[in-house]
Amino acid sequence: MVQKTLVLGIESSCDETGVALVRAQTQPGATALPELLAHALHSQISMHQAYGGVVPELASRDHIRRVVPLAQEVLASAHCALADLDVIAYTRGPGLAGALLVGAGVACALGAALDKPVLGVHHLEGHLLSPFLSADAPQFPFVALLVSGGHTQLMQVQGVGHYQLLGESIDDAAGEAFDKSAKLMGLAYPGGPLLAAMATQGNPRAFALPRPLLHSGNLDFSFAGLKTAVLVQGQKLVAGAGVAQFSDLPQQQQCDLAASTQAAIVEVLVKKSLAALKQTGLQRLVVAGGVGANQSLRQQLNQECGKRGVRVHYPEFALCTDNGAMIAMAAAMRLQSGLQQASRHYAFDVKPRWPLDAIAPIPAGASSAL
Ligand code: KG4
Ligand code: ZN
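Now for a description of the structure that goes with this document. (Residues numbered from 1 in each chain as written. Chains lettered and ligands numbered in written order. Predicted model: local features only at pLDDT ≥ 70, side-chain atom pairs only at ≥ 80, totals over all residues. Heavy atoms only, no water.)

The coordination sphere of the zinc ion (ligand 2), as far as protein atoms go, consists of His-123 (NE2), His-127 (NE2) and Asp-322 (OD), spread over 2.0 to 2.1 Å. When the donors of the zinc ion (ligand 2) are listed by position in the chain, the intervening gaps give H-x3-H-x194-D. Taken together, the residues span about one helical turn, with His-123 and His-127 both in helix α4 (residues 123-129) at a distance of four residues. Here His-123 and His-127 have matching classes, each one buried. (Donors = N, O, S within 2.8 Å, 3.2 Å for Na, K, Ca; no water. Helix = DSSP H or I, 4+ residues; strand = E, 2+ residues; numbered from the N terminus. Buried < 20%, exposed > 50% of the residue type's maximum accessible area, 1.4 Å probe, protein only.)

Next up on the list: the pairing of strand β9 (residues 284-288). In terms of residue burial, β9 counts as a mostly covered element, since five of its five residues are buried. Side-chain alternation along β9 places Arg-284, Val-286 and Ala-288 on one buried face and Leu-285 and Val-287 on a second face that is also buried. Note that strand β6 (residues 142-147) and β9 share four bridges and pair parallel. Residue pairing across strands places Val-143 opposite Leu-285, the latter belonging to β9. Judged from the three bridges that link them, β9 and strand β10 (residues 311-313) form a sheet pairing that is parallel. (Pairing = 2+ DSSP bridges.)

What follows is about the layout of surface pockets. By volume, the second largest pocket amounts to about 250 Å³. Forming the walls of the second largest pocket are 17 residues, and the residues nearest its centre are Thr-26, Leu-335, Gln-336, Gln-340 and Gln-341. The element that contributes the greatest number of residues to the lining of the second largest pocket is helix α10 (residues 324-337), accounting for three residues. Residue composition of the lining of the second largest pocket, grouped by class: six nonpolar, ten polar and one charged. (1 Å grid on protein atoms, 1.4 Å probe; cavity = no way out; pocket = protein on both sides within 12 Å on 5 of 7 lines; lining within 4 Å. Points joined across faces, edges and corners; volume = space filled by probe spheres on them. Nonpolar A, V, L, I, M, F, W, Y, C, P; charged D, E, K, R; others polar.)

Structure, rendered in C-alpha cells:
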C-alpha cells in the first residue's frame, strides 16, 4: 500500500519566516518525488532595511509573531488539520541562533502537543534540494553551486545526504559581495537584486575589477577584495566628478559600476562551476540559494553549460531565497531515502554554525537527531 507522509516544514534561520506542507511517499523503495501542497512566507526585509542589515533580536521577535499564523495559513490552503500532520520539520542550522530557536521551539512544541515526531534540517541542504520542487527536477549525481547570502560553495552531490565539499569562499560569500557592493552604492538592504537591476542598464566592461582566485587552481572563492575594489573605484568616480556621494553620480556611471561588479562575481562563479564539472566529470549542475535568482548568472551558466552538453537546474524563482518549502522538501527526501527518521525526542538545540558536509548519512534505526 502507498504510505503518504505529511510533513510540515518551518524555516526561521534569518530574516524570512517560511512554513510549508509537503506530502511524500515514504515506504521502502518509493521513488516519486514529494509533492508541495502549500507554502507561505513572510519576509522581514522592510523591517531590517532601516538598519542597513538584519538585526538578530528583531528577527527572532518577528519570527515569533509570524510562525503560527503562517502555519494556520498553509494548513487552511491545503485543507488539512493539525492532526493530519505526520512529521514536523524545522531548520536546525546554520543561521542566527535566536531566530533558529523560534522555529525549533515551535516545531518541537507542536510535535510534543500532537505526539508527532520532529526532524531538524540543515538550511543549506534545503537550498540544495530546492530544485527538486521545480517542474524540471534534477537527477543525482550532480555538482551543486550553492550561492546564498552567507555561503558560496561547490559540492559534489551523489544523492540525498551524500555531499562532498569541492570548494568554498575563504571570506565573503557571493551574496555578501552583491550586498556590500550595493551598500557602497547607496542601495537599500539587501542590495543584491537592486544592484542586479541597475546592472541591466550598465556596461559590464566599463571598469576593470578583479576576478579573485580565478586562476588559483582550486575551487575556492574570495570576494572580500572585490568589494574593496568597488569601494576604491566608487571613491575615484565621486572625487573625479566633484560630487558628495555615489548616488549623485550620473545614472549611467552608477549602472556601469553595478554591471562591472556583477560581471566580476558572475564570471568567477561560472568559471569555477565549469572547473568543478570538469574535475568531477559530471554532466549536471544544480544552482541554489538567493544569488541563483540572478539573471546574468543564469544566462551565462546556461550558455556555457549548453556548449558543453551540461544540464543546469534551478529552483523556481520564488524558492531561490529562504522559504519553508525547501525545509519540508529536504525533510521529506531524507525520510524517503531512509537516511533519517523523525524522532519523538523533543529536547532541541540549534546549530548556528554547521558545515553541510558534516551531515554524514545516518543509517535507518540509528539516532535520528542529526
Ligand atoms: O539564500 P538566501 O535567501 O539567504 C541565505 O540563506 O543567506 O540569499 C539571499 C542573498 C542576498 O545576498 C541577496 O542579495 C541575494 O541572495 N540575491 C541576489 C538576487 N536575489 C537575491 N543577488 C543577486 N541577484 C539577484 N537577483
Ligand atoms: Zn538561505
